[in-house]
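Architecture at a glance
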Amino acid sequence: MAQTTQTERTRTVDQIMDNYRSDEPGVRANLYRMLNFGRLAGTGKLVILPVDQGFEHGPARSFAANPAGYDPEYHVQLALDSGCNAYAAPYGSIQTIAHDYAGKIPLILKINNHDTLCDEVDPAPAQTSSVQDALRLGCAAVGFTIYPGSSHWKSMYEQLRGLSEEARAHGLAVVVWSYPRGSTLSKEGETGMDVVAYAAQIAAQLGAHIIKVKLPTDHLEQDAAKKVYQAEQIPIATLADRVKHIMQSTFAGKRIVVFSGGGKKGEDSIFDEARAIRDGGGNGSIIGRNSFQRPRADAIKFLQKVMDIYAGKVV
Amino acid sequence: MAQTTQTERTRTVDQIMDNYRSDEPGVRANLYRMLNFGRLAGTGKLVILPVDQGFEHGPARSFAANPAGYDPEYHVQLALDSGCNAYAAPYGSIQTIAHDYAGKIPLILKINNHDTLCDEVDPAPAQTSSVQDALRLGCAAVGFTIYPGSSHWKSMYEQLRGLSEEARAHGLAVVVWSYPRGSTLSKEGETGMDVVAYAAQIAAQLGAHIIKVKLPTDHLEQDAAKKVYQAEQIPIATLADRVKHIMQSTFAGKRIVVFSGGGKKGEDSIFDEARAIRDGGGNGSIIGRNSFQRPRADAIKFLQKVMDIYAGKVV
Amino acid sequence: MAQTTQTERTRTVDQIMDNYRSDEPGVRANLYRMLNFGRLAGTGKLVILPVDQGFEHGPARSFAANPAGYDPEYHVQLALDSGCNAYAAPYGSIQTIAHDYAGKIPLILKINNHDTLCDEVDPAPAQTSSVQDALRLGCAAVGFTIYPGSSHWKSMYEQLRGLSEEARAHGLAVVVWSYPRGSTLSKEGETGMDVVAYAAQIAAQLGAHIIKVKLPTDHLEQDAAKKVYQAEQIPIATLADRVKHIMQSTFAGKRIVVFSGGGKKGEDSIFDEARAIRDGGGNGSIIGRNSFQRPRADAIKFLQKVMDIYAGKVV
Amino acid sequence: MAQTTQTERTRTVDQIMDNYRSDEPGVRANLYRMLNFGRLAGTGKLVILPVDQGFEHGPARSFAANPAGYDPEYHVQLALDSGCNAYAAPYGSIQTIAHDYAGKIPLILKINNHDTLCDEVDPAPAQTSSVQDALRLGCAAVGFTIYPGSSHWKSMYEQLRGLSEEARAHGLAVVVWSYPRGSTLSKEGETGMDVVAYAAQIAAQLGAHIIKVKLPTDHLEQDAAKKVYQAEQIPIATLADRVKHIMQSTFAGKRIVVFSGGGKKGEDSIFDEARAIRDGGGNGSIIGRNSFQRPRADAIKFLQKVMDIYAGKVV
Amino acid sequence: MAQTTQTERTRTVDQIMDNYRSDEPGVRANLYRMLNFGRLAGTGKLVILPVDQGFEHGPARSFAANPAGYDPEYHVQLALDSGCNAYAAPYGSIQTIAHDYAGKIPLILKINNHDTLCDEVDPAPAQTSSVQDALRLGCAAVGFTIYPGSSHWKSMYEQLRGLSEEARAHGLAVVVWSYPRGSTLSKEGETGMDVVAYAAQIAAQLGAHIIKVKLPTDHLEQDAAKKVYQAEQIPIATLADRVKHIMQSTFAGKRIVVFSGGGKKGEDSIFDEARAIRDGGGNGSIIGRNSFQRPRADAIKFLQKVMDIYAGKVV
C-alpha cells in the first residue's frame, strides 16, 4: 500500500473531525491532538496504551512478568517511544508522571476503576479521580468504564453523564470503555455480536467521543436481536464483518471506535486482529497487557508493527 | 373537509396556547415553534419523529431493516422532508446533527433512556443528558420517560420534577412519555383504559407541556377504577372514545397529547389509528419505527398521509 | 348563635395569630390571608377545597361522577364561589389556573403526591413541585403529606423539613397532611385516637402552620398509649372529645388544625362532623370528594352550610 | 458543704472552659452562657430540662399525667422558674416559645427526632430542624441523638458531623445524646458499663461539647471489653464508680457529661443518682419526665433539691 | 552504620520528594514537614503515633492498661517527647489538643472512623471530620481508612476521592490506611501477600501521599494471583522480601509506605519487624497500642530504639 502525503493525512483527520462539528473547540482540539500524535499521526488510526491493570487485576498479576512495569514512568515512556497516540491510566499513575510528560504525549485520565478483591457479578466501578484532576494534570481526555447489562447500569450511565458534561465544558474529550457484564448475560454473551454492538451504540448515545469495545465473536445473545440478525442476514461471519457492524452501530461510522486486545496472546493473532479492525473500518486498538508484559524492545517492535498494519505500511 | 385559512390556523394554535398562559414566554415560544412548524403548522396537530430505539432496543433491531437509519442524520432529514413538527432523540444522535439542523427543525432532546441489556420488571430510565445540553444544542424541548406503576415511580417523578423546573426556567418545553409498567400491572394492564388515563393525568399534574401515551385498549385493570367506569358508563368501546377519555383526563383537553404507534405494523391500521386520534380530539402522533423502518420514499409518503388525516385533507 | 362584629372577628384571628409570633412576617401575612378570606373570614375557622384525587386515585375515580371536575378551573371557581378559605392542588392543576386565579383566592400548592398504580404498604409520596414553583405561581402556602408509621418516615420528615425551611424563608405557610399508614399499623389503627393524636403532634413539632388529620375513632392502637388513656381517663367517647384531644395534642390548641372528610358520604353525617369539630375546638375542614363529586349548585349549598355551622350561624 | 464565693465559681467554670480552648469564641460564649445560667450558675454543674417526649413517645403518654404540659410554654417556664441551665426541645416546641423566651433562658434546639409509630430494632432519627433554625430562633446550642450499635450508625455519625461543623462555624454548641441501641446489643447491654463508656467516647470523638448518656449498670456486654475490665480491675461496683469511668472515657474529664434520669421513678432514687453523679465527677443531669409529669410546684421543689445536691448545698 | 551528614539527609528527603513533583507546593510543604520532623528528621524514615483506638475498640480496651492515655494530651506529648514524625487521631482528640500543639508537631486528622459496637463483616467507616476541620485545627495531613475487599469498597473509594481532591487543593497531605477486609476474604487473606500488595497499589492509585498497610504474611489468597507469584517466583519468604514487594507494588518505591504494628506484643518482635521494614526499603511504622499501652518512660525508650533501627544507628 502506498504511503500517504501530508495533505491526504490532514484530509483524513479533518473528515473524521467533521463528525464532531457540534463539539466545543476545546474538545475538538484534544481529539485533533490524539489523532495527530505519534506514529499514526494523520492516519485517522489510533493505538493507545492503557495501563489500569494494577488497579483492575492487582500489581503482581499485571507487572511481575516484566517488573519494569511496576513503575508508572515505564509505561508512558513506552507509549512515547513506540509512537502511541496516547497513554491512559488511573490517577496515581498519571499523577506520578504528569509533571514530566504532560505536553509530551496526550494523557487520558481513567476516572473510574474497579478492583477484583470484591468482584461482583453485577459490577460498578468507583469514581477515582475527577475532571478537575484531569485539567490540573494536563490531560487531553478522561476515560470512563461502563458495564451495560449490569444491574447498576443506571448509576453508571448517570455518573458518566455528569462527568462528560463537565469534561466537555472544560474542553476535554471523553473516552468510554463499554464492556457488557452482569447477571443477565452469559459469559460468551459479554462478547456476543449483538451485545457488543448494543454496548457501542449506548456509548455513542451517551456522548463518547472515542468508544472502546472488545472484539466481538459471532455469538448472538438476545433472542429478539438474534431474529433480526438472521432475518436481515447481517454479515457477521468474519472479524472484519463484525468490526464493520460495530462501526455501523456507532452512528454509521461517525464515532471513533478502538478495540481492545484482551489478555496476553501470540503476536500473530494480534496482527490478525489489527488487520480485521483495519479492514472493517475500525479506528485502532487499545493494547495493554500485550504491550507492557513483553520486554521493552519487543514491545516497541510489536506495537510499531501493529501501527504499520493500521497505516497500511505492511499487509 | 375544507382547508383552513391562515387566520383560522393562527386562532387554532392561539386557543391551544391559551391553556398554557401561566407558562413562561420562553416555554410558550418553543410550544408555538413546534405547533407552527412543518406540514401540520397551524393546525394544532403534531406528528413527531422520535428515534431512541437504538438506545432502547439496540442498533440492529432498530435499523437493520433500513440500514440508512444507522446514521442519525437520516432521521432528522426524514423528519424535515416529511414535514414533521419536531424530531426527538437521545444525546448522541442530537449531538451528531445539531450543528447543522438546530434552527431548521425543532429538536427534542430525550434526556433519559433505558436499554434492554438488563431489562427489569420494575424499570427506571437513566438520565443521559441535561437541560444544559438541550440549551447548548439549540433544542426546543426536553423529553423524559416515566413508568407509572414501577416500584421506582417516586425517584422518576422526582427526577422529572427537578429537570422540568430547570427546563421551564430556561424556556424549554417539557415532553413526557408516560408508559405504565411494573410488577403490579398485568401485561394488558399497561395499555388498559384506566391505567393509561391515569398515566396521562399524572404526566399533566407533573407539569408536562406535551404528553405522550400509548393508545389504550378497552381493558380495565384496577378494580376500584373498573367499578367507576361501569357505574358511570364512561364510553370506551371505540378507539375514538378512548382517545376522548384521555383528553378529558388531561385537564379536560387543556394539555397537548400525542399518541404512540408502537411496533411496526400495516399502514392501514396506523391510518385508522390517526383517524381515531383526530376524531377523539387528540393532538397527533409520535411515530418512530413505523417511519424509519420503511424505505425513505415510502416513509415520507406514509407520514404525509398521516398528517393529511390530521389536517382533515383526507378522510 | 349571635353574629359577631368586625372587631370581634379581628380579635379572633389576632388571637390565633398570636400563637405564630415567632414566625416571619411573610408567613404570618399568608396565614392572615387564609384566615381572612371567604365566607369564614375572620372567624378563625377554615374550609379548604383540596383536589389532588386525580393524582392520588386516578381521573375517572375522582371526576366521572361530575365530569365538570376533569377541568382544574372548575374546582378553583367552586372554591371561590362557595366561599372557601383556600384551594389546594398539585402542580399541574395550579399551573393551569394560576394566571387567572392567583390573587383572587389563596392557593396552596400540594408539593408531594402519591399515586395508586403502585400502592405500597409502607408509602412515601414523591415531591412533584417546589417552593420556587409556589412562589412563581403566586401561592400562599405549600402542602405536604407525611405518613407517620411508614417505614419511610425518616425520609419524609427530612424532605418536609428542608422544604419547610425553604418555604418559611420565602414567606410561605406550610400545611401538613399527617396520615398514619404503614406495615406496623392495623387498618383501624390508622384512625385510632392515640395514633392520630400522635400524628398531629409530629406535624406540629415538624413546624406545620396548619395541620390536617383525619377524624379519629375511639380505637386505641398502641399498648403503651392505651394504658395511659385508660389510667388517666382521657375522654374520647364522642367525636367532639376526640377533636378536643387532637387540639390539646397540637400544643394545647396553639396550632391550626383542620380535619378531612374522607370518602363521599351523606350530607348529614358531614354536618354532624362539622358540629363535632366546632364543639371540640377544631379549626375546620378540608373537604374534597364530598364537594366536587356533587353537582355544582348542590356543592355550593352544601359547603356553605358546613361553613355556617363553623361560623355558628346555624346549629 | 460550704457555699462557694463568686471568684471560686468563676474559676470553676474557667477551668472547665479551658478544656474547650480550641473552640471558636462563639461556641465558648454559648457554653459559658449555659454554665453561668440558673440556680447552678458558676458551679460547673448543669440541670437541663429536655422535652422531646411528645415526639418520641406521643403526646398522651408524655403529658396526660400533667396536662399543663401539652403546652410548650409550660416547660420553658418550668425550666426558668426552677433554675435550670437550659431548656431543650424539638423545632415546633421551640418555635412556639422562642419569640418570648430566647434570651431569657438558653435554648437547645433538638435537631433530630424519632417517633415510635414505626419503631425499628436498628433505629435512626430524622433530622427535623437545622442549624439555621437554631440561629433564627436564638438558641445557644443544637442537640442531636446518635444510636451507637444501630446498623445505621454510619449515616447518623455523618449527619451529626456535618451539622456539628455548621453549628460550630456559627457559634452554636453541640449537645449529643449518645444512646446505644441496635440488633447487636442485648437490652441490658444498652446500659452496660462498657457500652455506655464506649458511646460516651464516640460522642467525644465526634466533637460533642456536652455529652448526654444514660446512667450505666455494672453489666459488661462485649467479650473483648469484659476481659479488660476484669484484667485491669476497673472499679464499676458503685454508681459513682461508673460515673467516674464515664468521665475518664470522655477525655479524662475534659468534656462536660450529663446523665439522663430515664422513666418516672421515686424522688429518692433520683436524689441518690444525683449524689452518685456528683461524687463520680459528672456534670449534672438531663431530667425530663421526672420533672414535667409532676405537678408544677412539686417539680420545682424536686428540681431545686437535685440542683442543691449538685451545688453541694445539701448532702 | 555511620551517621549521616546534614547534606546527605537533605538529599535523602529531596529524593523522596522528587516522586511527588506533580503535587501542589502546599502538599509538598506538609510532606517535607513530616519528613523533616522529630528524631528521624531527614532520614526519609517515619514513625507516626496514631491513637484512634478509643473510637475503634472502645476506651477501656485501649487505655485501661495505661490510664494516662484516657487524656488525648498524653499521646501528643508522648509523640513529641519520643521524637515521632507526626501524631494522628480523630476529631475529638485533635480538637482537645490543637490549641497548644498545632505547630509544635505535625498533626494528622483521621477523618473517618469505625467502631465495634456494630461490627459488620463488610465494613465501611463513617466520615467523622472534614478537610475544613483539619485546616482550622492546623493539621499537616488528613488520614482516611479504606477496606478493599468490603462490599462497600465503591462508596469508600469515592468518599476518599472527594476528600483527597479537597485536601490537596488546600495543601494538605493525604495518608491512607488500606486494610483489606470483607466477606470475600478469609481471615488470613486480610494479611496475605497478594492482598496487601493489591491494597497498597489501590491506595497509590487513589492518590495517597503516604500509605499505611499491615505487614503481610506469605499467605497467597487469590488463585489468579497465586499462579503468578509462583510462576514468576516472586520472593516472599522473608518479611524483608515482602516489604520489598509492597514497595515495588507502590509505583516501584515512588510512594511513602509505613507499616502498622498491630496488637500489643513483645518488644523484640517489633524491633525485628522494624529491621525487616528497613531492609525491605519501607519508610517506617505507625505504632499505636505498642506505644501508649506501655508506661511512658518505657514507651519513649521503646519508640526511640525503633527509630534508631530505622536511622541505622543500631542494628
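Preceding this section is the structure that the text describes.
Overview of the structure. Predicted, not measured: the structure shown is a model, and the values here were computed from it.

In this section: the interface of chain A and chain B. Listed by partner, the interface residues are 39 residues for chain A and 44 residues for chain B. The largest per-residue losses of area from chain A upon contact with chain B belong to Trp153, Tyr198 and Gln205 of chain A, which jointly make up 21% of the total buried on that side. Taken together, the links from chain A to chain B amount to five salt bridges. Taking the shortest distance from any N to any O, the salt bridge between glutamate 24 of chain A and arginine 136 of chain B comes out at 3.2 Å.

Let us look at the interface of chain D and chain E. Counting residues at the interface gives 39 residues for chain D, matched by 44 residues for chain E. Regarding the contact of chain D and chain E, the summed buried area is about 3500 Å², with carbon and sulfur atoms giving 55% of it. Our count for the chain D to chain E interface comes out at five salt bridges. A salt bridge links lysine 254 of chain D to aspartate 71 of chain E; the nearest nitrogen and oxygen atoms lie 3.0 Å apart. Taken together, the connections running from chain D to chain E amount to 27 residue pairs in polar contact (both at pLDDT 80 or more). Grouping the constituent residues of the side of chain D that touches chain E by class yields 16 nonpolar, 12 polar and 11 charged.

Time to look at the arrangement of the chains. With no contact formed, the shortest span from any C-alpha in chain A to any C-alpha in chain C equals 20 Å. At the level of C-alpha atoms, the two units chain B and chain D stay apart, their nearest approach being 20 Å.

Bringing the pattern of salt bridges into the picture now. Under the defined criterion, the tally for this structure stands at 80 salt bridges over all chains. For glutamate 190 of chain A, the salt bridge is made with lysine 187 of chain A, and the minimal N-O distance between the two is 3.2 Å. Under the relative-accessibility criterion, lysine 187 of chain A is labelled exposed at 66%. Among the ionic pairs, lysine 110 of chain B bridges to aspartate 52 of chain B, the shortest N-O distance being 3.7 Å. With lysine 110 of chain B in strand β3 (residues 107–110) and aspartate 52 of chain B in the loop between β1 (46–50) and α3 (53–56), this pair connects stretches of sequence that are 58 residues apart. Taken individually, lysine 110 of chain B and aspartate 52 of chain B each receive the classification buried, so the pair is uniform in this respect. A single salt-bridge network, built from bridges that share partners, covers Asp18 and Arg21 of chain A together with Asp100 of chain B.

A few words now on the relation of the copies chain D and chain E. One copy of the chain maps onto the other through a rotation about an axis plus a displacement along that axis. When chain D is brought onto chain E, the operation consists of a screw motion whose angular component is 72° and whose axial shift is 0.0 Å, with 0.0 Å RMSD remaining. Here the transformation between the copies is reduced to the relation of a five-fold axis. Measuring from the rotation axis to each C-alpha of chain D, the shortest distance belongs to serine 155 of chain D, at 11 Å.

Before going further, it helps to examine the environment of serine 150 of chain E. Here serine 150 of chain E lies in the loop between β6 (141–146) and α8 (153–169). Residue class for serine 150 of chain E comes out buried when judged on its relative accessible area of 0%. It is 9.8 Å that separates the C-alpha atoms of serine 150 of chain E and glutamate 120 of chain E, two residues lying 30 residues apart in sequence. Those residues in contact with serine 150 of chain E that lie beyond four places of it in its chain are Cys118 of chain A together with Asp122, Pro123, Met156, Arg181 and Gly182 of chain E.

Another point: the packing of aromatic side chains. Applying the stated criterion across every chain, the model contains 25 aromatic pairs over all chains. With centroids separated by 5.7 Å and ring planes inclined at 65°, the aromatic side chains of phenylalanine 63 of chain D and tyrosine 70 of chain D adopt a geometry described as edge-to-face. By the burial criterion, phenylalanine 63 of chain D is buried, and tyrosine 70 of chain D matches it. Cluster of aromatic residues (ring-pair linked, three or more members): Phe55 of chain A together with Trp153 and Tyr157 of chain E. A cation sits over an aromatic face here: arginine 181 of chain A above tyrosine 147 of chain A, 5.1 Å from the ring centre. Stacked on the ring of tyrosine 101 of chain C, the Lys or Arg lysine 104 of chain C has its end atom at 5.1 Å from the ring centre.

Reading guide: rules and limits
Each residue is numbered by its place in its chain's sequence as written, counting from 1. Here chains are named by letter from A upward and ligands by number from 1 upward, in the order in which they appear as written. For a predicted model such as this one, the threshold for reporting local features is a pLDDT of at least 70, and the threshold for listing and counting side-chain atom pairs is 80 or more; totals across whole chains, interfaces and linings nevertheless cover every residue. Note that the side-chain values use all heavy atoms of the structure and ignore hydrogens as well as water. Any two residues whose heavy atoms approach within 4.5 Å at even a single point are treated as in contact. As used here, buried area is the combined drop in accessible area, with a 1.4 Å probe, of two parts when they are placed together. The term salt bridge refers to a pairing of a side-chain nitrogen on Lys or Arg with a carboxyl oxygen on Asp or Glu at a separation within 4 Å. Nitrogen and oxygen atoms within 3.5 Å of one another constitute a polar contact, given that in protein one can donate a hydrogen and the other can accept it, and given that sequence-neighbouring residues count only through two side-chain atoms. Think of it as three bins: nonpolar holds Ala, Val, Leu, Ile, Met, Phe, Trp, Tyr, Cys and Pro, charged holds Asp, Glu, Lys and Arg, and polar takes everything else, Gly as well. Buried residues are those whose accessible area, probed at 1.4 Å on protein chains only, stays under 20% of the maximum for their type, while exposed residues exceed 50% and partly exposed ones sit between those limits. What counts as a helix is a DSSP run of H or I of at least four residues, what counts as a strand is a run of E of at least two, and both are numbered from the N terminus. The superposition of copies rests on a least-squares fit of C-alpha positions from residues with pLDDT of 70 or more in both. Classification of ring pairs rests on two measures: the distance between centres of Phe, Tyr or Trp rings, Trp counted by its six-membered ring, which must be within 6.5 Å, and the angle between planes, read as stacked under 30 degrees, edge-to-face over 60 and tilted in between. Two thresholds decide whether a charge sits over a ring: the Lys NZ or Arg CZ must be within 6 Å of the ring centre and within 35 degrees of the ring normal.

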